[in-house]
Amino acid sequence: MNNYQTGSFEKQFHNNTITIHYKQLDLKTSEILSYLNPKEFNIYCKNGCPNHSQK
């Protein structure tokens, strides 16, 4: 069974407070390699980030 941690933190965005909840899993790289699809991931980065290929 994998170990995990949960938590949350708050960030201010304009005049709103955003609470971000997360779960952090400890996994071996070999356990997630079958889910890796760099071509698809990079498309999301290119379409979603105005700084893509700028920095």
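Keep in mind that this is a model prediction, so the values were computed, not measured.

Reading the values: the criteria
- Residues numbered from 1 in each chain as written.
- Predicted model: local features only at pLDDT ≥ 70, side-chain atom pairs only at ≥ 80, totals over all residues.
- Heavy atoms only, no water.
- Helix = DSSP H or I, 4+ residues; strand = E, 2+ residues; numbered from the N terminus.
- Rg over C-alpha atoms; globule rule 2.2 N^0.38 Å.
- Buried < 20%, exposed > 50% of the residue type's maximum accessible area, 1.4 Å probe, protein only.
- Contact = heavy atoms within 4.5 Å.
- Areas by Shrake-Rupley, 256 points an atom, 1.4 Å probe, with all protein chains shown as cover.
- Lys, Arg positive; Asp, Glu negative; His and termini not counted.
- Charge placed at Lys NZ, Arg CZ, Asp CG, Glu CD.
- Patch = residues over 30% accessible without salt bridge, like charges linked within 9 Å, V, L, I, M, F, W, Y side chains within 5 Å.
- Salt bridge = Lys/Arg side-chain N within 4 Å of Asp/Glu carboxyl O.

Q: If you had to explain the overall build of the chain to someone new, which residues and values would you point to?
A: Scanning the chain for helices and strands turns up 2 helices and 2 strands. Computed over its C-alpha atoms, the radius of gyration of the chain comes to 16 Å, more than 25% above the 10 Å expected for a compact globule of 55 residues. Across its three principal directions, the C-alpha atoms of the chain cover 40 × 30 × 15 Å. Taken over 55 residues, the chain has a buried fraction of 0%. Taking as baseline every contact in the chain between residues at least 6 positions apart, the subset at least 24 positions apart corresponds to 9%. Entry remark: accessible area of the chain is about 5700 Å², with carbon and sulfur atoms responsible for 51%. If you average the places of the 6 positive and of the 4 negative side-chain charges in the chain, the two averages end up 10 Å apart.

Q: Residue-level account of a nonpolar patch on the surface, with values.
A: A cluster of nonpolar side chains, contributed by Tyr4, Leu25, Leu27, Ile32 and Tyr35, occupies part of the molecular surface with about 570 Å² of accessible area. Mapped onto the elements, Leu25 comes out in strand E2 (residues 16–25).

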